[in-house]
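These are the residues of each chain, in order.
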Amino acid sequence: MASPVATQAGKLLRALALRPRFLAVGSQAVQLTSRRWLNLQEYQSKKLMSDNGVRVQRFFVADTANEALEAAKRLNAKEIVLKAQILAGGRGKGVFNSGLKGGVHLTKDPNVVGQLAKQMIGYNLATKQTPKEGVKVNKVMVAEALDISRETYLAILMDRSCNGPVLVGSPQGGVDIEEVAASNPELIFKVCLNSWLPDSQAQRMAENLGFVGPLKSQAADQITKLYNLFLKIDATQVEVNPFGETPEGQVVCFDAKINFDDNAEFRQKDIFAMDDKSENEPIENEAAKYDLKYIGLDGNIASCLVSHLHFTVNGAGLAMATCDIIFLNGGKPANFLDLGGGVKEAQVYQAFKLLTADPKVEAILVQYFLVVLSNCAIIANGITKSLPGAKLKVPWWSGFEGTNVQEAQKILNNSGLPITSAVDLEDAAKKAVASVAKK
Ligand code: GDP
Ligand code: MN
């Protein structure tokens, strides 16, 4: 049953925090750039939507100001909306480092599209959801603008508390949904779904969103199509804000944000092939090549986890605990790298090459945790081969017993490298922080 979720605003906020994710570490908030979910640009999401019967505006994509101008002419529309393509939301209120304000502009003049695009492409757009310096814009969307008489919010998300997908909607769209959840939680409607969406539920959501008369069944039909798309493409999130109506009586998805479950890559090859990775840090792409999980942070102490418990399971908890403990001891994590349990020496070698090549990394904290699929000695060899020449202190902590842990300890102790052993994670963090402070 659709019901207001006054008591669940917190949960909703967490469920919605899928875009740049913030990890609370000690008293600080650290932005994560995890690649757990594939994100597509708005134009790619809208192409998928339109291919599946969901209504979006006519649009072209442009890489240059000139192409944008040509696209605007070709659209031959009464009014045009020009939109910077970056993965973060809040573009409308964003600012470019070219000085231009707003990542979304409406104009009737194609020449203005060209002029605006010139101040967008190649510049960084900073929004509430990007890092301070913003994200570089490589493409713009040139779309036919439509009048909007009402803006609502609609999303379908994978939600743990529902053990499956949840349909979330609000008649108050076009604004930050987090703010609506905080100020008017009764205006957020949430309904847990099974593997299909009964029409009665789609109709009820349409009604809750404030669609009336013929618009109600049109909105329900769009919701159903969005839900079928969500299932078909193994999405973890389909978010449409605004999900709007026009004075002419059409329900239109004016914005689109789709994230995907990386575990489904094997059966969604076409979609994953669309990942242009241009917004990844180069080091993330490098890490992905060797099947390493990497999260970039701002500090100077790298941490590396070798664990049978992978990131997606308890590894994430260990990552947070490690970052926490570095913070609590007065340090700042530079990143988090997870090698997984079945790691090969070559991967360890690449991992440490990556970490030591990062100019901001001054120390690396290494942990073994339940190494059963691999062999601690293999890991130790990978580490010692990659380190010569690197000016680092490398405290490492041998946590729970793993295969061949004594041998590993010997290899590291006898390596002549600046590796310090630690008795536990706390000790390792203290030593890492101290080694950096001394410099
Ligand atoms: P976001 O700021 O990144 O979420 O980008 P959106 O695509 O949601 O655009 C921001 C805002 O611009 C929307 O909330 C709308 O109010 C407005 N907008 C976007 N497209 C159109 C359009 O075609 N017509 C009108 N009138 N407004 C639009
Ligand atoms: Mn939006």
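See above for the structure.
Residues numbered from 1 in each chain as written. Chains lettered and ligands numbered in written order. Predicted model: local features only at pLDDT ≥ 70, side-chain atom pairs only at ≥ 80, totals over all residues. Heavy atoms only, no water.

Draft legend 1. Focus on the state of the cysteines. A full pass over the atoms with the stated rule returns one disulfide. Between the sulfur atoms of cysteine 162 and its disulfide mate cysteine 192 the distance is 2.0 Å. The chirality of the disulfide connecting cysteine 162 with cysteine 192 is left-handed, given an S-S dihedral of about -65°. A residue pair is termed long-range when its members are at least 10 positions apart, and cysteine 162 in the loop between strand E12 (150-159) and strand E13 (164-170) and cysteine 192 in strand E14 (residues 189-192) qualify at 30 residues. (Disulfide = S-S within 2.5 Å. Helix = DSSP H or I, 4+ residues; strand = E, 2+ residues; numbered from the N terminus.)

Draft legend 2. Structural context of the packing of helix H12 (residues 376-386) against helix H13 (residues 405-413). The contact between H12 and H13 brings their axes to 7 Å, and the two run at 15°. Here H12 lies roughly parallel to H13, going by the angle between them. Handedness of the H12/H13 crossing: right-handed. Along the contact surface, H12 presents Cys376, Ala377, Ala380, Asn381, Ile383 and Thr384, while H13 presents Val405, Glu407, Ala408, Ile411 and Leu412. A per-class count over the contact of H12 with H13 returns eight nonpolar, two polar and one charged. (Axes fitted to C-alpha atoms, helices over the stretch in contact; angles between N-to-C directions. Parallel < 35°, antiparallel > 145°, perpendicular 65-115°, else oblique. Left-handed = near helix turned anticlockwise from the far one by under 90°. Contact = heavy atoms within 4.5 Å. Nonpolar A, V, L, I, M, F, W, Y, C, P; charged D, E, K, R; others polar.)

Draft legend 3. Structural view of the packing of aromatic side chains. Tallying each qualifying case throughout the model produces three aromatic pairs. On the basis of an interplanar angle of 80° and a centroid distance of 5.7 Å, the ring pair of phenylalanine 211 and phenylalanine 243 is categorised as edge-to-face. A residue pair is termed long-range when its members are at least 10 positions apart, and phenylalanine 211 in the loop between helix H6 (199-208) and helix H7 (214-232) and phenylalanine 243 in strand E15 (residues 235-245) qualify at 32 residues. On the basis of relative accessible area, phenylalanine 243 is assigned to the buried category, the value being 0%. Aromatic pair phenylalanine 260 and phenylalanine 272: ring centres 6.4 Å apart, planes at 65°, arrangement edge-to-face. Residue phenylalanine 260 is found in strand E17 (residues 257-261), and its partner phenylalanine 272 is found in helix H8 (residues 269-272); the two are separated by twelve residues along the sequence. In this arrangement the basic side chain of arginine 74 is found over the ring face of phenylalanine 60, its NZ or CZ atom lying 4.3 Å from the centre. We note arginine 150 situated over the ring of phenylalanine 211; from NZ or CZ to the ring centre the distance is 4.8 Å. (Phe/Tyr/Trp six-rings, centres within 6.5 Å; stacked < 30°, edge-to-face > 60°. Buried < 20%, exposed > 50% of the residue type's maximum accessible area, 1.4 Å probe, protein only. Lys NZ or Arg CZ within 6 Å of the ring centre and 35° of its normal.)

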